[in-house]
Amino acid sequence: MIELHARVRRRGIPTYIFSNTNDLAVEQVRRNFPFFANFDGYIYSYEVGTLKPDPEIYLALEKLAGRRGTDIVYLDDRPENVAGGAARGWRAILHETPEKTRGMMEGFELL
């Protein structure tokens with residue numbers, strides 16, 4: 001998935017972290033996973049004050065990205081969160097395996 005993200009970035013496509021998390025977890029990930037710095041922006045539930053799949057957090061991502069609807073491709077491993085993105089018209093992918101996600105992203109012509 002790290003390589004998949006790098007391929008998307010090489011194509012000039014902006015990417016964002018969009019996560020139900022807390023500040024301690026974010027700091028842990030930042031310290032231990034250098035690739036985490038390679039995103040254009042970050043939406044964290046603890047900063048927005050609500051969790052996925054609440055529509056308000058999806059709106060926060062749209063505002064940050066300056067995109068809506070099918071302009072957004074969204075990956076998540078939780079069906080209820082994917083449904084939240086799909087409800088906003090996003091091209092939502094339920095991440096189950098890297099191979100399946102890669103195939104979906106190729107279908108969207110992102111790779």
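Because the structure is predicted, anything quoted here is derived from the model rather than measured.

Rules behind the numbers
- Residues numbered from 1 in each chain as written.
- Predicted model: local features only at pLDDT ≥ 70, side-chain atom pairs only at ≥ 80, totals over all residues.
- Heavy atoms only, no water.
- Helix = DSSP H or I, 4+ residues; strand = E, 2+ residues; numbered from the N terminus.
- Polar contact = N/O pair within 3.5 Å; in protein donor to acceptor, adjacent residues only side chain to side chain.
- Contact = heavy atoms within 4.5 Å.
- Buried < 20%, exposed > 50% of the residue type's maximum accessible area, 1.4 Å probe, protein only.
- Arc of directions from axis to C-beta.
- Core = buried A, V, L, I, M, F, W, Y, C linked by side-chain atoms within 4.5 Å.
- Phe/Tyr/Trp six-rings, centres within 6.5 Å; stacked < 30°, edge-to-face > 60°.
- Lys NZ or Arg CZ within 6 Å of the ring centre and 35° of its normal.

1. Focus: the side chain of Lys52
Part 1 of the reasoning: Its place among the elements puts Lys52 in the loop between helix H3 (45-48) and helix H4 (55-65).
Part 2 of the reasoning: At a separation of 2.8 Å, a polar atom in the side chain of Lys52 contacts the main-chain carbonyl oxygen of Phe18.
Part 3 of the reasoning: When sequence neighbours within four positions are dropped, the list of residues in contact with Lys52 reads Phe18, Ser19, Asn20, Ile57, Tyr58, Tyr74, Asp76 and Asn81.

2. So, helix H1 (residues 2-10)
In an α-helix, one turn spans 3.6 residues, which is why side chains three or four residues apart end up on the same side.
Part 1 of the reasoning: Among all positions in H1, only Leu4, His5 and Val8 are buried. End-on, the buried residues of H1 take up no more than an arc of 100°, which puts them together on one face.
Part 2 of the reasoning: Looking at the buried positions of H1, the neighbouring elements they touch are helix H6 (98-107).
Part 3 of the reasoning: After H1 finishes, the residue Gly12 shows a positive phi value of roughly 80°.

3. Some words on the nonpolar core
Grouped burial of nonpolar side chains is what soluble globular proteins tend to show.
Part 1 of the reasoning: In this structure, Phe18, Ile43, Ile57, Tyr58, Ala60, Leu61, Ala65, Ile72, Tyr74 and Trp90 together form the largest nonpolar core, which totals ten residues.
Part 2 of the reasoning: The greatest single-element share of this core, amounting to five residues, is contributed by H4.

4. Comments concerning the packing of aromatic side chains
Part 1 of the reasoning: Tallied over the entire structure, the rule returns twelve aromatic pairs.
Part 2 of the reasoning: Plain terms: the ring middles of Phe18 and Tyr74 are 5.5 Å apart, the flat faces sit at 65° to each other, and that makes the pair edge-to-face. Here the residue Phe18 occupies a position in strand S1 (residues 16-19), and Tyr74 occupies one in strand S3 (residues 73-76), the gap between them amounting to 56 residues. Accessibility classification places Phe18 together with Tyr74 in one group, the buried group.
Part 3 of the reasoning: Taken together, the ring pairs connect Phe36, Phe39, Tyr42, Tyr44 and Tyr46 into an aromatic cluster.
Part 4 of the reasoning: Sitting over the ring of Tyr42, Arg30 keeps its end group 5.9 Å from the ring centre.
Part 5 of the reasoning: Stacked on the ring of Phe108, the Lys or Arg Arg91 has its end atom at 4.8 Å from the ring centre.

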